[in-house]
Amino acid sequence: MMLINLKAGILSALVCVLVAGSCGSGEPAPTASAPVLTSTEPADGVSGLEGSSLTVRFNFDTPVSCPDQGRSRINAGDATVSQVFAPGSYVSVALSGLKQGESYVLSIPEGCICSQADPSLPAKAISFRFSMKEKEPDPPVEPYGKLTGIAEKLALGWNLGNQLDAYYNGSWAGDKYNYPDENVWGNPNCTQATFDAIKKAGFSSVRVPVTWLNTIGPAPGYTIDKAWLDRVVEVVGMVHKAGLNCIVNTHHDENHGDDHWLDVLGASKDPELNARIKDKVRVFWTQVAERLKDEGDWLIFESFNEINDGGWGWSEDFRRAPNIQCGILNEWNQVFVDAVRATGGNNATRWLGVPGYCAGIDFLDYFRMPEDPAGRTMLAVHFYDPFDYASGVYSEWGHTADRSKKAEGSDEDNVQRKFKLLYDRYVSKGIPVYVGEYGCVNRSDPHARKFQYYYMEYVTRAARLYGLPCFLWDNGAFDTTGENFGYFNHGDGSFIGEAAGAVELMVKAMYTPDPSYTIESIYNTAP
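Criteria and thresholds
- Residues numbered from 1 in each chain as written.
- Predicted model: local features only at pLDDT ≥ 70, side-chain atom pairs only at ≥ 80, totals over all residues.
- Heavy atoms only, no water.
- Helix = DSSP H or I, 4+ residues; strand = E, 2+ residues; numbered from the N terminus.
- Contact = heavy atoms within 4.5 Å.
- Areas by Shrake-Rupley, 256 points an atom, 1.4 Å probe, with all protein chains shown as cover.
- Lys, Arg positive; Asp, Glu negative; His and termini not counted.
- Charge placed at Lys NZ, Arg CZ, Asp CG, Glu CD.
- Salt bridge = Lys/Arg side-chain N within 4 Å of Asp/Glu carboxyl O.
- Buried < 20%, exposed > 50% of the residue type's maximum accessible area, 1.4 Å probe, protein only.
- Pairing = 2+ DSSP bridges.
- Axes fitted to C-alpha atoms, helices over the stretch in contact; angles between N-to-C directions.
- Polar contact = N/O pair within 3.5 Å; in protein donor to acceptor, adjacent residues only side chain to side chain.
- Expected span 1.5 Å × (residues − 1).
- Phe/Tyr/Trp six-rings, centres within 6.5 Å; stacked < 30°, edge-to-face > 60°.

### Considering the overall build of the protein chain
Looking only at helices and strands, the protein chain has 14 helices and 17 strands in total. C-alpha extents for the protein chain along the principal axes are approximately 130 × 55 × 45 Å. Taking the intrachain contacts of the protein chain between residues at least 6 apart in sequence as the baseline, contacts between residues at least 24 apart amount to 72%. Carbon and sulfur atoms make up 52% of the accessible area of the protein chain, which totals about 23900 Å². With 45 positive and 66 negative side-chain charges, the protein chain shows a spacing of 4 Å between the two charge centroids.

### As for the pattern of salt bridges
Inspection of the entire model under this criterion finds 21 salt bridges. Notably, a salt bridge pairs Glu437 with Arg207, separated by 2.9 Å at the nearest N-O pair. Residue Glu437 is found in strand S16 (residues 433-438), and its partner Arg207 is found in strand S11 (residues 205-208); the two are separated by 230 residues along the sequence. Exposure class is identical for Glu437 and Arg207. Each is buried. Residues joined in a network through salt bridges with shared partners are Lys269, Glu316, Asp317 and Arg320.

### Observations concerning the sheet that holds strand S15 (residues 377-383)
Strand pairing in a sheet is mediated by backbone hydrogen bonds. Such pairs are either parallel or antiparallel. If you trace the eight strands once around the closed barrel, you get S10-S11-S12-S13-S14-S15-S16-S17, paired in parallel fashion. Averaged over all neighbouring strand pairs, the angle between strand axes comes to 30 degrees, with direction disregarded. Sheet analysis places strand S14 (residues 352-355) next to S15, joined by four bridges and oriented parallel. The residue of S15 that forms the bridge with Leu352 is Thr377. On the sheet, helix H5 (residues 226-241) packs against S11, strand S12 (245-249) and strand S13 (299-302) and is oriented at approximately 155 degrees with respect to S12. The sheet strands contacting helix H11 (residues 412-425) are S15 and S16, and the helix crosses S15 at an angle near 165 degrees.

### Here's the deal with the sheet that holds strand S7 (residues 103-108)
Strand order in this open sheet of three strands is S2-S9-S7, and the pairing throughout is mixed. Two strands bound the open sheet, and with one partner strand each, they are strand S2 (46-49) and S7. Neighbour-to-neighbour, the strand axes of the sheet open up by a mean angle of 25 degrees, direction not taken into account. By the bridge criterion, six bridges tie S7 to strand S9 (residues 126-132) in an arrangement that is antiparallel. Counterpart to Ile108 in the pairing with S9 is Ile126.

### Some points on the environment of Glu290
Structurally, Glu290 can be placed in helix H7 (residues 271-291). Here the alpha-carbon distance between Glu290 and Gly345, two residues 55 residues apart in the chain, equals 9.0 Å. Apart from residues no more than four positions distant in its own chain, Glu290 is found in contact with Thr343 and Asn347.

### Comments concerning the environment of Glu41
Along the chain, Glu41 falls in strand S1 (residues 37-41). Taking the C-alpha atoms as reference points, Glu41 and Phe58, separated by 17 residues in sequence, lie 6.7 Å from one another. Non-local contacts of Glu41, meaning those with residues more than four positions away in its chain, are made with Thr55, Val56, Arg57 and Asn59. A distance of 3.0 Å separates the side chain of Glu41 from the side chain of Asn59, its partner in a polar contact.

### Observations regarding the environment of Leu472
Here Leu472 is to be found in strand S17 (residues 470-472). A relative accessible area of 0% means that Leu472 is categorised as buried. Considering only alpha carbons, one finds Leu472 and Leu160, 312 residues apart in sequence, at a separation of 9.2 Å. Apart from the residues lying within four places of it in its own chain, the contact partners of Leu472 are Gly157, Trp158, Asn159, Phe203, Tyr438, Gly439, Met456, Tyr487 and Met506.

### Concerning helix H13 (residues 499-511)
Its 13 residues place the ends of H13 19 Å apart at the C-alpha level, agreeing with the 18 Å of an ideal helix rising 1.5 Å per residue. All of the buried residues in H13 are Ala499, Gly501, Ala502, Val503, Leu505, Met506, Val507, Ala509 and Met510.

### Considerations on helix H9 (residues 322-342)
In a regular helix each residue adds 1.5 Å, so 21 residues correspond to 30 Å; H9 covers 31 Å between its end C-alpha atoms and thus fits that length. Buried residues dominate H9, accounting for 15 of its 21 residues. Looking one or two residues past H9, Gly344 carries a phi angle of roughly 70 degrees, positive in sign.

### Some thoughts on the packing of aromatic side chains
All told, the structure shown has 27 aromatic pairs when counted by the stated rule. Taking the centre distance of 6.2 Å and the plane angle of 90 degrees together, the rings of Tyr384 and Phe387 count as edge-to-face. Overall, Phe387 belongs to the partly exposed group, its relative accessible area being 44%. Summarising the aromatic geometry, the rings of Trp397 and Tyr455 are spaced 5.0 Å apart at their centres and angled 90 degrees between planes, so their arrangement reads as edge-to-face. Here Tyr455 lies in helix H12 (residues 446-465) and Trp397 lies in the loop between helix H10 (387-390) and H11, a separation of 58 residues in the sequence. Pair check on accessibility: Trp397 and Tyr455 agree, each one buried.

Written as C-alpha cells, this is what we have:
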C-alpha cells in the first residue's frame, strides 16, 4: 500500500507541473498569439534617404522568426534583399542597389514572419514605403548655356495674361457667358505704350493668349467674329511695332468642366465628337493663319494652352489610361500643324508651338511631336514648380528657406532635373522647347520678396543654361486676394509695386554671357 501511494503521489505531482506549471496555482498556461507590428525604424513613408543601401527594422510585440521559405518571398522591386535577420522580437531587412530619386515598397507577404512560440501563427502582410533623395543633376557641359536659333530669338518673353484671354465666365454674365472681353477680368486696354515699355525693360518676345469661345460661329463655317479677330490682329501689330516677337494661341477654349469646345475628355469617349472638334480646329486655325499669313517670322502660332479634362492629371479618367487623352491631344496638334501649313505663304515655314497634356513636363512620356514638313515645330511647356510657392501659399523657396514656410520637395535640384530632361530629350536633338509660362506672385513683405527675386533669377538662369526661352506670366493683378502675378500695368507698361527688381534680375539671368555667372553662383547668394 505504501509503494502504491508513493507512485500515485509522484504521478499527481507530475500532472500538476505539466498542466498548471505550479501545483495549486489555478492559472492556465499562457497561449501564443499572432505577432503584431508595433513600429518600424525608420518610419514608414520616410523620404530623402541617401546612399545605395538601407536596413529596415520591424519591431513586434512578441518574439518572431522568419523561416527560409518566408525570406525568399520578401522583395523591394528593383532593389536587392541582401539579408534578413530575426534574432528576437524584431526582424531587420537589409537592402542594397537603391537608386537616387527612386521610390520603393518593401513587401513582406503574410506568413513570412511568424510567432516564435507557434510557427502556425503568422504576422499580417507588411508594405513599407520609402524614397531616396533626388539625384543631383550632372554638372552642365557644353553646349549648355547657349541659346541658339529660334531659342536665341525668343529668349526672355512676357505674357499679356488675363487680357485677350479674359471672358465672361460666371452665372452673372447672362447673354455674354463664354464671350471673351479684354476688360472683364479687370485690366485696361493694352496700348502701344504697353509693348514699348516691355521692350525697354529688356524682353525680346510677347505671348498673346487669346480666348475665342463664342466668337467662333457654328458649323460648318465656324466663322470667327470679325471685330474680335480685328482686335487680336491689332494687338499683334503693336507687339511687332515695338520690335518684339509674338506668339498667338487658343487659351481658355479648353474644357475644364465649363462647356468649352476643346473637350478632351468627351473626345476620348466619343469618336464622333472628336472628329467634330478636329474639324473645328482645322477650320479655326485656317482662318487665323490666312489672316496673318503675310507676317514675318517674328510671329508664331501656338495650338493650345493647357489642355486637360479639368483634373490636371489627377482625374480618375486620366490616371486610369493617360495615353488615351494624351493621344487625343496628339491628334489635335497634328491637325493644327497641317491646317497652318496648308495655307501656304509664310505659314509654310512659320515656327509653330504645341503643348503636351496640361503643358506639363511630367506628362511628356505620352506626348508625340506632330509631323511637320517644314521641321519647324517647337514644344511648349509651363513651369510653376512648386505651385504652392509660385501661387503664394508659401513665402519662401530654396535650400535656405525656413521649412515651415516652404513647399517640400521642389527646390533648386527640381528645376535642374526638369530642365535637363527637356534638354536631353528635345533640345539636344534639335527640337526647340520654350517655357510659355513661368513665374511667381509678387510679395509685399521685404523678406519674402528676397526669395521671390532669388526664385526668378535662379529659374531664368537655369532656363538659359538648358537652352530654354521662357515667358513671364503677368496677369496684371496686384491688389486682389487671388494670384497677384502682375508685374506691369497692362494699360501703359509701368511697373507694378516692386516688380522692377525681379524683372532686372530676369533680364540679367537670361542675357548675361559671363561664364562665371552660373546657377551655382546664384545658389550661393540665396537669402
